[in-house]
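# An overview of the molecular structure
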Amino acid sequence: MELRLHDTLSREKRPFVPLDAKNVRMYVCGPTVYDFAHIGNARPVIVFDVLFRLLRHLYGEAHVKYVRNITDVDDKINDRAARDFPGLPLNEAIRKVTEQTGQQFHADVDALGALRPSVEPRATEHIGEMREIIERLVKGGFAYVAEDHVLFSPQAMNADKTGLPRYGALSNRSLDEMVAGARVDVAPYKKGNTDFVLWKPSKPGEPSWPSPAGIKAEGRPGWHIECSAMAWKHLGEHFDIHGGGIDLVFPHHENEVAQTCCAFHQQRMANYWMHNGFLQVESEKMSKSLGNFITIHELLADWPGEVLRLNMLKTHYRSPIDWTMKSLEESAKTLDDWYRLAADVEPGKPAASVVEPLLDDLNTPLAIAALHGLRGDVAALAGSLRLLGFLSESAGQWESRKQQASGVDAGEVERLIAERTAARSRKDFGESDRIRDLLAAMGVAIKDSKDGTTWEVAR
Ligand code: AMP
Ligand code: ZN
């Protein structure tokens, strides 16, 4: 069976044919590093990690290149830096915020079992490429300078008759309707009300770089140009897959396509555009004001990362997810069961019943259903779990991480069990029951057998 992927641009599932099977190339928009990543941000990380693993399985590890950027220049970063480090010069404060947040992001996504991408470019290290694309756009008549800004004109793009894609095609919008519906309070230097910023002047103290297109004042890039530049540098003018959350289709990805295709005179930027659906929490949109905003970091204090991973993959990536405590508890039970069966087993080949649904546009719910059917073939279960990014560590570590995540102190548990064994041997069943209840209240279930008492964290 061949791999088929849903493409947002053509709005259909198509067989995946790489431009070069020896060098399969995927770009996914990464985080803007100013705060802890929330559980919604974990969704593209996990979904595209599964795709990365599947592509490596199909084409060979050496033949897949996965680029996920880090956006380290942004107004939100500047605001956070000024707030958190008021005593420091802004640029130093910004470096602190981006370094700390970047490290935290890595710790979070490592715990979720996501492989590091092949390259993790930082926007601030690609300013030269951004300037070059902007120069090309100005020369080609697609962008213009106004009051030290450089602006891209979607109307200039759509006036071109040389075979460029249509602005609006990816997000299925009409430029005429966008023009008609645009806000009236558009910045005065814009010629058209849908023109967007490629480059803008920096305020005093803000990060700034020499500007393109003959602008004397130093400035900084707009958001969309960053991804066009990093994708170009690491994957070329035209590559296979571009991914991100559904909220990025417009304007971010529409503008990326416009910039890249106009600068390099390409008909396409990526051959497949893939977007994950949104995540909400207990049936509500996640937001700070509703108080249901959960970070990956907070969840990892209560659950091993693989539980979060499994819980995410139980829903197909294009559907919305309702993230609930109940579903997390079920995921923890399921995983515990699989790890008991498969942790000490030499992984075999992933089962066809698991691989086939994955080939059908990453149908992870069906792949997970198939895992339930592999109890009788634990080698295939182990191999299939590996393919999905589970079981990278041994069972012993799984037990201890589970205990750690649930805040159970193993030494204390052992001590209480020894006390209970002593109480039982002197037939003090009142005391022995008291200790059992105490352990249960700590979330620990015990089991007596002729070989002694074993225990586990019960959820
Ligand atoms: P941001 O840092 O907000 O640009 O988001 C980083 C990535 O997370 C992007 O691919 C977003 O589309 C994605 N994302 C943000 N919020 C959610 C959410 N609630 N559910 C799913 N994906 C999200
Ligand atoms: Zn991007």
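All values derive from a computational prediction rather than experimental measurement.

Rules behind the numbers
- Residues numbered from 1 in each chain as written.
- Chains lettered and ligands numbered in written order.
- Predicted model: local features only at pLDDT ≥ 70, side-chain atom pairs only at ≥ 80, totals over all residues.
- Heavy atoms only, no water.
- Helix = DSSP H or I, 4+ residues; strand = E, 2+ residues; numbered from the N terminus.
- Contact = heavy atoms within 4.5 Å.
- Pairing = 2+ DSSP bridges.
- Salt bridge = Lys/Arg side-chain N within 4 Å of Asp/Glu carboxyl O.
- Buried < 20%, exposed > 50% of the residue type's maximum accessible area, 1.4 Å probe, protein only.
- Donors = N, O, S within 2.8 Å, 3.2 Å for Na, K, Ca; no water.
- Near = heavy atom within 4 Å.
- Polar contact = N/O pair within 3.5 Å; in protein donor to acceptor, adjacent residues only side chain to side chain.
- 1 Å grid on protein atoms, 1.4 Å probe; cavity = no way out; pocket = protein on both sides within 12 Å on 5 of 7 lines; lining within 4 Å.
- Sits in = over half its atoms within 2 Å of the grid points.
- Points joined across faces, edges and corners; volume = space filled by probe spheres on them.
- Nonpolar A, V, L, I, M, F, W, Y, C, P; charged D, E, K, R; others polar.
- Axes fitted to C-alpha atoms, helices over the stretch in contact; angles between N-to-C directions.
- Core = buried A, V, L, I, M, F, W, Y, C linked by side-chain atoms within 4.5 Å.
- Domains from an automatic or database assignment.

## Focus on the environment of Ala42
- In this fold, Ala42 is placed in helix α1 (residues 42–59).
- Remark: the alpha-carbon pair of Ala42 and Leu112, spanning 70 residues in sequence, is separated by 8.3 Å.
- What Ala42 contacts, discounting residues up to four positions off in sequence, is Leu112, Ile296 and Met312.

## A look at the pairing of strand β5 (residues 143–146)
- Looking at chain direction, β5 and strand β6 (residues 149–152) are connected through 4 bridges and run antiparallel. The residue bridging Ala146 from the neighbouring strand is His149, located in β6.
- Counted between consecutive antiparallel strands, the loop separating β5 from β6 contains 2 residues, among which Glu147 sits at a positive phi close to 50°.

## Quick notes on the pattern of salt bridges
- Under the definition given, this model contains 28 salt bridges.
- Arg116 is the salt-bridge partner of Asp110, the closest N and O atoms lying 2.9 Å from each other.
- Among the residues examined, Arg116 registers a relative accessible area of 42% and is labelled partly exposed.
- One network of salt bridges, in which partners are shared, links Asp75, Lys203, Glu206 and Arg220.

## Quick notes on the coordination of the zinc ion (ligand 2)
- Around the zinc ion (ligand 2), the protein supplies Cys29 (SG), Cys227 (SG) and His252 (NE2) as donor atoms, at distances of 2.0 to 2.2 Å.
- Look at where the donors of the zinc ion (ligand 2) fall in the sequence and you get C-x197-C-x24-H. One end of the pair, Cys29, is in the loop between β3 (24–28) and α1; the other, His252, is in helix α8 (residues 249–264), with 223 residues separating them in the sequence. When sorted by exposure, Cys29 lands in the same class as His252, which is buried.

## With respect to the site of ligand 1
- Taken together, 13 residues surround ligand 1, and among them Gly40, Asn41, Gly245, Asp247 and Leu279 come closest.
- Contacts to ligand 1 include Asn41, whose side-chain N or O atom sits 3.2 Å from an oxygen atom.
- In this structure, Gly245 approaches ligand 1 through a main-chain N or O atom, which is 3.0 Å from an oxygen atom.
- Put simply, ligand 1 lies in the largest pocket.

## As for unusual backbone geometry
- The omega angle of the peptide bond from Phe250 to Pro251 is 5°, so this bond is cis rather than trans.
- Within the fold, Pro251 resides in helix α8.
- Positive phi, normally seen in glycine, also occurs at Ala213, with a value near 55°.
- Residue placement: Ala213 occurs in the loop between β7 (196–201) and β8 (219–221).
- Positive phi is not limited to glycine here, since Lys427 has a value of about 60°.
- Of note, Lys427 is situated in the loop between α16 (410–425) and α17 (429–441).

## Details of the environment of Asp195
- Note on placement: Asp195 falls in the loop between α6 (175–181) and β7.
- With 52 residues separating them along the chain, Asp195 and Ala143 place their C-alpha atoms 8.8 Å apart.
- Among the polar contacts listed, one links the side chain of Asp195 to the side chain of Tyr144, at a separation of 2.5 Å.
- Within the local environment of Asp195, its side chain forms a polar contact with the backbone nitrogen of Gly192, the two atoms lying 2.8 Å apart.

## Let's talk about empty space enclosed by the protein
- Enumeration over the complete set of coordinates arrives at 1 cavity of 30 Å³ or more.
- Approximately 50 Å³ is the volume found for the largest cavity.
- For the lining of the largest cavity, the secondary-structure elements that each account for two or more residues are α1 and α10 (305–313).
- When its residues are assigned to classes, the lining of the largest cavity shows 6 nonpolar, 3 polar and no charged.

## Here we look at the environment of Asn363
- Within the secondary structure, Asn363 sits in the loop between α12 (352–359) and α13 (364–372).
- Separated by 47 residues in sequence, Asn363 and His316 have C-alpha atoms that sit 5.8 Å apart.
- Excluding residues that lie within four positions of it along the chain, Asn363 makes contacts with His316, Pro357 and Leu358.

## Quick look at the sheet that holds β6
- The 4 strands lie next to each other as β5-β6-β7-β8, forming an open sheet whose pairing is antiparallel. Single-partner strands in this sheet number two, and they are β5 and β8. Across this sheet, the average inter-strand angle for adjacent strands is 20°, counted without regard to direction.
- Across the sheet, helix α4 (residues 127–139) touches β5, β6, β7 and β8, and the angle it forms with β7 is around 120°.

## What to know about the nonpolar core
- Grouped together as the largest cluster of nonpolar side chains are 69 residues, with contacts concentrated most on Ile39, Leu51, Ile241, Trp323, Val354, Leu371 and Phe390.
- Of the residues forming this core, the biggest block, 10 residues, is contributed by α1.
- Residues lining this core come from more than one domain, with at least three contributed by each of domain 1 (4–279) and domain 2 (302–399).
- Beyond its immediate sequence surroundings of up to four residues, Ile241 is in contact with Leu5, Phe16, Arg25, Met26, Tyr27, Leu51, Leu55, Ala270, Tyr272 and Met274.
- If you look at the next biggest cluster of nonpolar residues, it comprises 44 residues, including Val150, Met157, Leu164 and Leu198.

## Details of the sheet that holds strand β4 (residues 64–68)
- If you trace the 4 strands from one edge of the open sheet to the other, you get β4-β3-β9-β10, paired in parallel fashion. Only two strands of the sheet have a single neighbouring strand rather than two, namely β4 and β10 (270–276). On average, each strand axis in the sheet is tilted by 20° relative to the strand beside it, whichever way the strands run.
- Bridge analysis of β3 against β4 gives 5 bridges, and the strand direction is parallel. When the bridges of β4 are listed, Tyr27 appears paired with Val67.
- Sheet strands in contact with helix α7 (residues 223–235) are β3, β4 and β9 (239–245), and its direction is about 160° off that of β3.
- Across the sheet, α8 touches β9 and β10, and the angle it forms with β9 is around 160°.

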